[in-house]
Amino acid sequence: MIALSVNLNKIALIRNSREGNYPDVVAHGRTCLDAGADGITVHPRPDQRHIRPDDVRGLAALCGRRQVEFNVEGNPFAGPQGSYPGLLPLVLETAPQQCTLVPDSNDQLTSDHGFDLERDGARLEPIIQQLKDAGIRVSLFMDPDKAQITRAREVGADRIELYTGPFADAVLQQSPEVDDIFAAHCAAAEHALQLGLGVNAGHDLNLINLPRYRTLPGLQEVSIGHALTVDAISMGLSDAVAAYVNCLSGK
């Protein structure tokens, strides 16, 4: 079975458009788990445009009570900014089951590329080791590049998360390149598995492109937030989560 981890960033984005705590991010996380999600993902950023440190703390407690996976994503080089303590201190404090390291900068709208480990590998290696020493599984956000995936194994990652944005865009545009893009992802996944790395995936996956992408060799987990939140507007959150769970199981 492929695990569904629901990303709650967009729920927090709506909450932040008003004062107060409506909608309640933790309550919506509970709804997702009740509807069959296998875990929760958040991607806190230093500018706190959506997920805030207290959201991470509250969701860590929820996932701990439910004994489900909590996945915290973010830039490992992001330091303190205001009440944001920096990614590494926040992750070590809340002890999620998985930390997905992502090379996004403060001015990016969203994550749009994987790590260049020839450039960043030496800086990442002690961070990865510190997280692993704390009992946290480490995944690196990666493009489907075999050489880079080899480096991911060398710097100590447990898993990779394949960046699926170009695949999703090719499906949306009905591009003739979609077969080649998916073939590259399959080859990258197979290479990761041969190296002993686990394989996750995420970014713009939805009910249209997921039936194909779920056939990726060895796929263990997908993180989905934007599309699932949009679907929840018309379907309701519980039914949207159930639809993605069914899609991942081939129903």
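Here goes a summary of the coordinates provided. (Residues numbered from 1 in each chain as written. Predicted model: local features only at pLDDT ≥ 70, side-chain atom pairs only at ≥ 80, totals over all residues. Heavy atoms only, no water.)

1. Some points on the packing of aromatic side chains
Link 1 in the chain: Counted by the stated rule, this structure contains 4 aromatic pairs.
Link 2 in the chain: Centroid distance Phe 167 to Phe 182: 5.7 Å. Interplanar angle 40°. Geometry classified as tilted. Here the residue Phe 167 occupies a position in helix α7 (residues 165-172), and Phe 182 occupies one in helix α8 (residues 178-194), the gap between them amounting to 15 residues. As far as burial versus exposure is concerned, Phe 167 and Phe 182 are alike and both buried.
Link 3 in the chain: Considering the side-chain rings of Phe 167 and Tyr 213, the 5.1 Å spacing of their centres and the 55° angle between planes classify their relative orientation as tilted. Taken together, the positions of Phe 167 in helix α7 and Tyr 213 in helix α9 (residues 210-213) put the pair 46 residues apart, joining distant regions of the chain. An identical accessibility class is assigned to Phe 167 and Tyr 213; each is buried. (Phe/Tyr/Trp six-rings, centres within 6.5 Å; stacked < 30°, edge-to-face > 60°. Helix = DSSP H or I, 4+ residues; strand = E, 2+ residues; numbered from the N terminus. Buried < 20%, exposed > 50% of the residue type's maximum accessible area, 1.4 Å probe, protein only.)

2. Here's the deal with the pairing of strand β1 (residues 3-7)
Link 1 in the chain: The element β1 is largely enclosed, with a buried count of 4 among its 5 residues.
Link 2 in the chain: Looking at chain direction, β1 and strand β8 (residues 219-224) are connected through 4 bridges and run parallel. Looking at the pairing, Ala 3 lines up with Glu 221 of β8.
Link 3 in the chain: Examined bridge by bridge, β1 and strand β2 (residues 39-42) share 3 bridges and lie parallel to one another. Paired with Ser 5 across the bridge in β2 is Gly 39. (Pairing = 2+ DSSP bridges.)

3. Here's the deal with the nonpolar core
Link 1 in the chain: By size, the foremost hydrophobic cluster in this structure holds 74 residues, and its most contacted members are Leu 101 and Leu 140.
Link 2 in the chain: The greatest single-element share of this core, amounting to 7 residues, is contributed by α8.
Link 3 in the chain: If near-sequence neighbours (up to four positions away) are discounted, Leu 101 is found in contact with Gly 74, Pro 76, Leu 87, Phe 115, Leu 124, Ile 127, Ile 128, Leu 131, Val 138, Ser 139, Leu 140 and Phe 141. (Core = buried A, V, L, I, M, F, W, Y, C linked by side-chain atoms within 4.5 Å. Contact = heavy atoms within 4.5 Å.)

4. Brief notes about the sheet that holds strand β4 (residues 98-101)
Link 1 in the chain: Within the closed barrel, the 8 strands sit side by side as β1-β2-β3-β4-β5-β6-β7-β8. Their pairing is parallel. Between one strand axis and the next, the sheet turns by 25° as a mean value, whatever way the strands run.
Link 2 in the chain: Bridge count between β4 and strand β5 (residues 137-142): 4 bridges; the pairing is parallel. When the bridges of β5 are listed, Gln 98 appears paired with Arg 137.
Link 3 in the chain: Where helix α4 (residues 87-94) meets the sheet, it contacts β3 (69-74) and β4, and its direction lies at approximately 170° from that of β3. (Axes fitted to C-alpha atoms, helices over the stretch in contact; angles between N-to-C directions.)

5. Observations regarding the packing of helix α10 (residues 226-235) against helix α11 (residues 237-248)
Link 1 in the chain: It is at 7 Å that the axes of α10 and α11 come closest, and there the two elements cross at 125°. As judged from the angle between their axes, α10 and α11 are oblique. At the point where α10 passes α11, the crossing takes the right-handed sense. Residues Ala 227, Leu 228, Asp 231, Ala 232 and Met 235 of α10 lie in contact with α11, whose contacting residues are Leu 237, Asp 239, Ala 240, Val 241, Ala 243 and Tyr 244.
Link 2 in the chain: When its residues are assigned to classes, the contact of α10 with α11 shows 9 nonpolar, no polar and 2 charged. (Parallel < 35°, antiparallel > 145°, perpendicular 65-115°, else oblique. Left-handed = near helix turned anticlockwise from the far one by under 90°. Nonpolar A, V, L, I, M, F, W, Y, C, P; charged D, E, K, R; others polar.)

6. Some words on helix α6 (residues 146-154)
Link 1 in the chain: For α6, the full list of buried residues reads Gln 148, Ile 149 and Ala 152. In an axial view of α6, the angular spread of the buried residues amounts to 100°, which keeps them on one side of the axis.
Link 2 in the chain: Here the buried face of α6 lies against α5 (117-133), β5, β6 (159-163) and α8.
Link 3 in the chain: Put simply, Asp 145 is the residue that caps the front of α6, since its side-chain oxygen is 3.0 Å from the backbone nitrogen of Ala 147. (Arc of directions from axis to C-beta. Polar contact = N/O pair within 3.5 Å; in protein donor to acceptor, adjacent residues only side chain to side chain.)

Read these as spatial facts, not as claims about activity.
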